[in-house]
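# Residue-level structural notes
Here is how the chains run, residue by residue.
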Amino acid sequence: MLIHGRWAYLPAEGCLGGQGLPQQKDVSFRQRLIKRGILRAMDAQRKAWEREYAKPDPLWKGPPQEGGDLPSGQRVLELGCGNGKTLSALARLDNEVVGLDHSINALQSCLESSSAHLVQGDVRSLPFREASFDTVLMLHLLEHLVEADRLKAVREARRVLRPGGHVLVRVFSVRDMRFGKGIEVEKNTFQRGNGILYHYFEAAELSSLFGDLSEEYLTEALSTKRYGGKERLRAELVAAFGR
């Protein structure tokens, strides 16, 4: 499928079904069932994203959190670009900007707000050559992946990053107000009622994930949100890693 007159890539990986998780003495069989359950959760999440991005009201509002201070003239890739609120800010800086997302409905939203190149693709297997980008953004992307896929996504981000380039990351911290909400499918990873997965990071875990890149900064950003008449803590880890 061609999006916005640019190149595009369609993921070919499928997902398995399953019939629950009975107690089994055969560890390898149980592990296969666990994996099948995770894949089923991932399949449900993919469908959930399409439903969410098909809604007329934007899923995430407000100004972009990163990218507005990047130097101009760079080649920038945003992985999991969503509805494009960060892409539009990046494009204004006279950068060559590429946004990638698996959701066709998300990319359709981007058409209305951004002039960036848009690609439907899989963060675990990027359709770009090695050392193609000066900056790679992973903003609230990694928390929606299971552990094995987080490793693949980071490996791919590192592969397409040019020497001297940077990966900018933002994820939810284990101190966030919504930690523990939903069904736990892996350690600190929960599937909420709408089908979307959320993983909550320890700082050491995030640092280790990018272990072979240089950690430029890693900090916890705290703010308060008012929900149900109560002040609640929003906790995010914000980091940059250089090659």
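Residues numbered from 1 in each chain as written. Predicted model: local features only at pLDDT ≥ 70, side-chain atom pairs only at ≥ 80, totals over all residues. Heavy atoms only, no water.

### So, the overall build of the protein chain
Helix and strand content of the protein chain: five helices and ten strands. Buried positions account for 46% of the 243 residues belonging to the protein chain. Counting only contacts in the protein chain whose residues sit at least 6 apart along the sequence, the fraction spanning at least 24 positions is 64%. In the structure as shown, the protein chain presents an accessible area of about 12400 Å², 50% of it carried by carbon and sulfur atoms. (Helix = DSSP H or I, 4+ residues; strand = E, 2+ residues; numbered from the N terminus. Buried < 20%, exposed > 50% of the residue type's maximum accessible area, 1.4 Å probe, protein only. Contact = heavy atoms within 4.5 Å. Areas by Shrake-Rupley, 256 points an atom, 1.4 Å probe, with all protein chains shown as cover.)

### Considerations on the pattern of salt bridges
All told, the structure shown has twelve salt bridges when counted by the stated rule. In this structure, the salt-bridge partner of Glu52 is Lys55, at a minimum N-O distance of 3.4 Å. A relative accessible area of 46% places Lys55 in the partly exposed class. Its salt-bridge partner being Arg124, residue Asp122 comes within 2.8 Å of it at the nearest N-O pair. A residue is classified by how much of its surface remains accessible, and Asp122, at 5% relative accessible area, is buried. The network of salt bridges with shared partners includes Asp122, Arg124 and Asp149. (Salt bridge = Lys/Arg side-chain N within 4 Å of Asp/Glu carboxyl O.)

### Quick notes on unusual backbone geometry
Unlike most non-glycine residues, Ala131 shows phi in positive territory, near 55°. Summarising the element assignment, Ala131 is placed in the loop between strand S3 (117-120) and strand S4 (133-139). Relative accessible area serves as the criterion here: at 31%, Ala131 is assigned to the partly exposed category. Look at Asn188: it is not a glycine, yet its phi comes out positive at around 65°. Topologically, Asn188 is positioned in the loop between strand S6 (183-186) and strand S7 (189-191).

### Description of the packing of aromatic side chains
Under the defined criterion, the tally for this structure stands at eight aromatic pairs. Ring geometry for Trp49 and Tyr53: centres 5.8 Å apart, planes at 20°, overall stacked. Taken together, the residues span about one helical turn, with Trp49 and Tyr53 both in helix H1 (residues 27-54) at a distance of four residues. By relative accessible area, which is 7% here, Trp49 ends up buried. Taken together, a centroid distance of 5.5 Å and an interplanar angle of 85° make the contact between Phe179 and Tyr200 edge-to-face. Here Phe179 is found in the loop between strand S5 (161-172) and S6, whereas its partner Tyr200 is found in the loop between strand S8 (197-199) and helix H5 (203-209), with 21 residues between them in sequence. Note on Phe179: relative accessible area 33%, which makes it partly exposed. According to the relative accessible area criterion, Tyr200 is buried, its value standing at 0%. Ring-pair connections join several aromatic residues into one group, and the members of that group are Phe172, Phe179, Phe190, Tyr198 and Tyr200. The ring of Tyr198 has Arg192 lying over it, and the distance from NZ or CZ to the ring centre is 3.5 Å. (Phe/Tyr/Trp six-rings, centres within 6.5 Å; stacked < 30°, edge-to-face > 60°. Lys NZ or Arg CZ within 6 Å of the ring centre and 35° of its normal.)

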